[in-house]
Amino acid sequence: MKRIIFTLLIVLGALAIIAWVLNNNKKENQAKTDIVAKGTGAVVVRTTTASKSAINLDFSSNGNFAAWQDLSLLAENSGRVTQILVDEGSHVSRGQLLTRIDDEYLNLDLEAAEDALSKLKTDQQRYESSFKTGGVTKAQLDEINLNVRNAENKVQQAKRRLADAYIKAPISGIVNKRNIEVGTYVSPGTALFDIVDVSRLKLLVNANESQVVNLKVGDPVSITTTVFPDKKFSGKISFIAAKADNTLNYPVEIQVENSSTQQLKAGMYATATFDLPEQQPTIVIPRSAFVGSVSSNEIFVLQNGNTARLRKVTAGRILGEQVEIIDGLKEGETVITSGQINLVDGTEVKPQANENARNNTTK
């Protein structure tokens with residue numbers, strides 16, 4: 001019991017010491033704040049003049065080229081490959097015959113379906129004649145008509161399977177990969193060829209929310225690649241995502257014509273440069289002028305040459321290290337860009353010109 005009481009006393013003593021230290025620190029910090037608020041000693045700050053400037057919204061984004069069409073051609077029938085008419089790297093046109101699958105059994109199936117249909121049509125004619133004389137019932141005639149329609153469907157199915165034995169290119173492009181050899185046995189779903197169309201390419205890039213609002217489908221885009229550093233390619237925006245991805249960027253797709261030389265290949269790395277119209281001049285200030293962060297919408301403005309006044313403003317677009325001011329600040333006012341941590345509304349300050357402003361004046 002004594003041991004428990006002793007432990008409690010130690011804990012209470014430690015808590016009392018901590019409370020005393022925190023209270024003492026609070027008093028010291030308050031004293032420092034009071035000194036600043038009373039203006040005892042001017043705080044050295046840097047300043048800049050709020051001015052209007054034209055906003056340049058041009059930006060670049062990196063991405064990779066993708067084929068305009070990329071198709072994996074699959075078999076639809078079972079059978080053995082009897083003939084291959086193209087190889088990897090071959091240019092093919094839509095509808096061109098690529099390979100053949102053994103069609104002997106398919107031809108036999110078609111012949112059997114056609115024979116069955118021919119017999120049923122003969123029976124159908126006989127039933128129709130008998131129905132007129134009362135030799136068969138209406139139900140018997142309906143049944144033979146149904147059998148004829150089913151037989152016609154089977155003939156069409158047999159013809160389709162036979163046609164599928166002649167594998168044709170569904171798109172124009174280049175055979176990028178051949179997965180079969182003569183004698184290979186294939187079944188439905190077996191990969192035969194990979195065909196890519198690079199007569200046009202898609203450059204896939206991203207734009208953030210402040211950039212994507214200035215883009216529209218059809219806008220021209222300038223494109224450069226590290227593979228051809230001395231050449232420039234042109235494209236146009238063909239797609240802008242309506243929803244951001246997991247990184248809060250919006251996928252943008254740029255169509256690039258590549259039919260003349262086909263120098264560009266799918267998978268190559270490229271940079272898209274978006275040249276946007278110049279905006280009307282607007283007031284901008286350094287990002288560092290904001291108290292805490294841009295979202296605070298608070299800055300300090302210099303008044304009477306030596307007094308810092310807290311000002312509420314409305315921030316607009318963030319343009320790199322500059323921020324657009326929509327409301328709350330006039331052109332020509334002096335904004336404090338550093339030293340805000342030591343300031344409260346009404347603090348006496350000693351301004352120093354912004355280093356960048358001095359350099360610009362020297363030049």
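As a reminder, the structure under discussion sits directly above these lines.
Presented here is a report on the structure given in the accompanying data block.

Reading guide: rules and limits
- Residues numbered from 1 in each chain as written.
- Predicted model: local features only at pLDDT ≥ 70, side-chain atom pairs only at ≥ 80, totals over all residues.
- Heavy atoms only, no water.
- Pairing = 2+ DSSP bridges.
- Helix = DSSP H or I, 4+ residues; strand = E, 2+ residues; numbered from the N terminus.
- Axes fitted to C-alpha atoms, helices over the stretch in contact; angles between N-to-C directions.
- Salt bridge = Lys/Arg side-chain N within 4 Å of Asp/Glu carboxyl O.
- Contact = heavy atoms within 4.5 Å.

1. Points about the sheet that holds strand β2 (residues 51-53)
Within the open sheet, the four strands sit side by side as β2-β15-β19-β18. Their pairing is antiparallel. Each edge of the open sheet is held by one strand with a lone partner, namely β2 and β18 (314-319). Averaged over all neighbouring strand pairs, the angle between strand axes comes to 50 degrees, with direction disregarded. By the bridge criterion, three bridges tie β2 to strand β15 (residues 282-286) in an arrangement that is antiparallel. Pairing of Ser53 across the sheet is with Thr282, part of β15.

2. So, the pattern of salt bridges
In this structure the tally under the stated criterion is twelve salt bridges. Put simply, Asp87 and Arg178 hold a salt bridge, and the shortest N to O gap is 3.5 Å. Of this pair, Asp87 sits in the loop between β4 (79-84) and β5 (91-92) while Arg178 is found in strand β8 (residues 173-178), placing the two residues 91 residues apart along the sequence. Between Asp123 and Arg126 there is a salt bridge, with the nearest N and O atoms lying 2.4 Å from each other. On the criterion of helical spacing, the pair formed by Asp123 and Arg126 is a turn pair, its members being three residues apart in helix α2 (residues 104-133). Look at the salt bridges and you will find they share partners, linking Glu76, Arg160 and Asp164 into a network.

3. Quick notes on the environment of Gly332
Topologically, Gly332 is positioned in the loop between β19 (322-327) and β20 (334-338). Distance in space between the C-alpha atoms of Gly332 and Ile283 is 9.5 Å, their sequence separation being 49 residues. Apart from residues lying up to four places away in sequence, Gly332 is in contact with Thr49 and Ala50.

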